[in-house]
Amino acid sequence: MRHGRRAAVSGEPVRRRFRMQTDMRDIKSNEDIVLDGRQVCIVDDDELFRGYLAALLAQRNLVVLEAPDANGLQQVLDRRMPDCLLMDYNLASENGLFILERLKLRYPSLAPIIMVSADETQRTAVRAFRSGIADFVCKRNLKLEEIVGAVRRAIALRVRDEVREKEVTRLREYAKFDELTGIHLRAGLEERLATIAETARRTRRHYGIVAFRLTRVGEVQERFGVVAADRVLRAFGQKLREHLRASDLCGVYDRGTCLYVVDTDPTPEALDLLAQRVTPRLTVDLDISAAHVHLEAVSARVLHPDDGDALADLIALLERRVDQATDQHLQNATSATDWVRTPSATEVKAGLERRREPRLRTLKQGRIFLNGLQSTIDCTVRNLSSGGASLRLHGPTALPELFRLKISDGGAVRRVRKCWHFNNDVGVEFLPD
């Protein structure tokens, strides 16, 4: 949006009203944050305004990067993540909130974002804060101390989150289970494997290991981002847990690969039967953004002492076998893209996403509830079935994957999952309460 454009006259100005989102009272002083040398990226299609902001920030020795649009911003972020982003709310080619939603999927460690807008209405600010921005400032009469103060608060918020993440990482080192799959971490798995191997050596008992690998996890991460890959692994882990007994040992060996250990003198036939029974049931079908992915699993096994006596030799052989199974599976695929289906814009708008039953056209008032029913967004329900609905938002709005929806005044508040989001149209699936 151009700098000289007049602000909207309806609604209440928000230059001061929304500072409570970024007070960060748990940080002793924002002044402790040193700005010298910090990197700030300005995303605005107005070259003159970008230059104006850059000149202001340079007075505080900030290193300024510039991008005119989403493509330019992605090039900057792929090289290095800056300390803060200043993004125009309404770029010429795309709304800033839609850009923000895509960035959060692609970059799990996204820098804090300050939304800059010529629209000073309360509704605009509320939409921006609901999408997860760090601060909101208005273009009109923007002064040095105001923009520098917003940048300082946003960077302080990032520093606080980094400190918290380091503490969480330290605590995870002592955890026993992987947070994505819900099964043993590799360190715990290797420790117990060593115990089983030592017991087998002393007692001359046999044990077997079956590796289950979900294919194309790396391709999902490259195409849709780390967050999407985490969703896939979480679904994979859930399916694997459904086929485990409480006494079974199963753990994460690598990203997308889990090991299942049988230490009760298994036979080769028993291990083969286990792999044949479980592997087909680990297929993951998942809607990610506006695409549907279909990922299949492969498996391989080793048996002690038939395939080797030392644990290290068995693991090395198992790695080779599961790599071979993966390569064979990918070679047998009908095409390199048969695992993902991305509907066209026409299909999305026509509501041709994967449905279990047809939907009936309707025009009902709906209300979206966020943040534990404390925040609401009005919408129109355009078609409806027992399994889901198609919604039309009244303006650009970023929505989380899970939220609650109420259809008409007398309807119940239901849990829903966002299946796709194209411009102001959203498809949702009803979830059990």
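Placed above this text is the structure.
Parameters and conventions
Residues numbered from 1 in each chain as written. Predicted model: local features only at pLDDT ≥ 70, side-chain atom pairs only at ≥ 80, totals over all residues. Heavy atoms only, no water. Helix = DSSP H or I, 4+ residues; strand = E, 2+ residues; numbered from the N terminus. Phe/Tyr/Trp six-rings, centres within 6.5 Å; stacked < 30°, edge-to-face > 60°. Lys NZ or Arg CZ within 6 Å of the ring centre and 35° of its normal. Pairing = 2+ DSSP bridges. Axes fitted to C-alpha atoms, helices over the stretch in contact; angles between N-to-C directions. 1 Å grid on protein atoms, 1.4 Å probe; cavity = no way out; pocket = protein on both sides within 12 Å on 5 of 7 lines; lining within 4 Å. Points joined across faces, edges and corners; volume = space filled by probe spheres on them. Nonpolar A, V, L, I, M, F, W, Y, C, P; charged D, E, K, R; others polar. Buried < 20%, exposed > 50% of the residue type's maximum accessible area, 1.4 Å probe, protein only. Arc of directions from axis to C-beta. Contact = heavy atoms within 4.5 Å.

J.: Tell me what's going on with unusual backbone geometry, and back it up with residues and numbers.
T.: Backbone torsion omega between H304 and P305 reads 5°, so that peptide bond is classified as cis. The topology assignment puts P305 in the loop between β11 (297-304) and α10 (311-332). Backbone geometry at N61 places phi at a positive 60°, although glycine is not the residue there. The phi dihedral of N141 is positive, around 55°, even though this residue is not glycine. Within the fold, N141 resides in the loop between β5 (135-138) and α5 (144-172).

J.: I'd like a rundown of the packing of aromatic side chains, residues and numbers included.
T.: One pair of aromatic rings is described through two measures. These are the centre distance and the angle between the planes. By the definition in use, this model includes 2 aromatic pairs. In this structure, R186 is placed above the aromatic ring of Y253, and the distance from its NZ or CZ to the ring centre is 3.9 Å. Here the basic side chain of R414 rests over the ring of F430, its NZ or CZ set 4.0 Å away from the ring centre.

J.: Any details on the sheet that holds strand β15 (residues 388-393)? Residues and values, ideally.
T.: Reading around the circumference, β13-β14-β15-β18-β17-β16 is the order of the 6 strands in this closed barrel, with antiparallel pairing throughout. The mean inter-strand angle of the sheet, taken between neighbouring strand axes irrespective of direction, is 45°. Pairing geometry for strand β14 (residues 375-384) and β15, over 5 bridges, is antiparallel. Residue pairing across strands places L384 opposite A389, the latter belonging to β15.

J.: Provide a residue-level description of empty space enclosed by the protein, including the pertinent values.
T.: Scanning all chains against the criterion turns up 2 cavities of 30 Å³ or more. For the second largest cavity, the calculated volume is near 30 Å³. Around the second largest cavity sit F212, L240, H243, L244, Y260, L274, R277 and V278, which together line it. Per element, the largest residue contribution to the lining of the second largest cavity is 3 residues, and it comes from helix α9 (residues 268-278). Class assignment of the residues belonging to the lining of the second largest cavity gives a composition of 6 nonpolar, 1 polar and 1 charged.

J.: Break down the pairing of strand β6 (residues 207-214) for me, citing the residues and quoting the values.
T.: For β6, the buried fraction is high: 8 of the 8 residues fall into the buried class. In β6, alternate side chains face the same way, and those of Y207, I209, A211 and R213 on one face and G208, V210, F212 and L214 on the other are all buried. Where β6 lies against β11, 8 bridges are found, and the strand directions are antiparallel. The residue bridging L214 from the neighbouring strand is A297, located in β11. Relative to strand β8 (residues 257-262), β6 is paired through 6 bridges, and the arrangement is antiparallel. Residue A211 lies in a different strand from β8, and its bridge partner there is L259.

J.: Residue-level account of α9, with values.
T.: An α-helix turns once per 3.6 residues; consequently, residues spaced three or four apart project the same way. L271, L274, A275 and V278 are the residues of α9 that are buried. The buried residues of α9 all sit within an arc of 95° when viewed along its axis, so they share a single face. Facing away from the buried side of α9, by more than 90 degrees, are the exposed residues E269, L273 and Q276. Of the surrounding secondary structure, the elements contacted by the buried residues of α9 are β6, α8 (226-242), β8 and β11.

J.: If you had to explain helix α2 (residues 70-79) to someone new, which residues and values would you point to?
T.: Inspection of α2 places A70, G72, L73, V76 and L77 among the buried residues, and these make up the whole buried set. All buried residues of α2 lie within an arc of 160° about the axis, which places them on one face of the element. Seen from the buried face of α2, the exposed residues on the opposite side, beyond 90 degrees, are N71, Q75 and R79.

J.: Any details on the sheet that holds strand β3 (residues 84-88)? Residues and values, ideally.
T.: Across the sheet, 5 strands lie side by side as β2-β1-β3-β4-β5; this open sheet has parallel pairing. The sheet terminates laterally at β2 (63-67) and β5, the two strands that pair on one side only. Strand-to-strand twist of the sheet, defined as the mean angle between neighbouring strand axes without regard to direction, takes the value 20°. Pairing between strand β1 (residues 39-43) and β2: 5 bridges, direction parallel. Along β2, the bridge assignment pairs C41 with L65.

These values are about where atoms sit, not about what they do.
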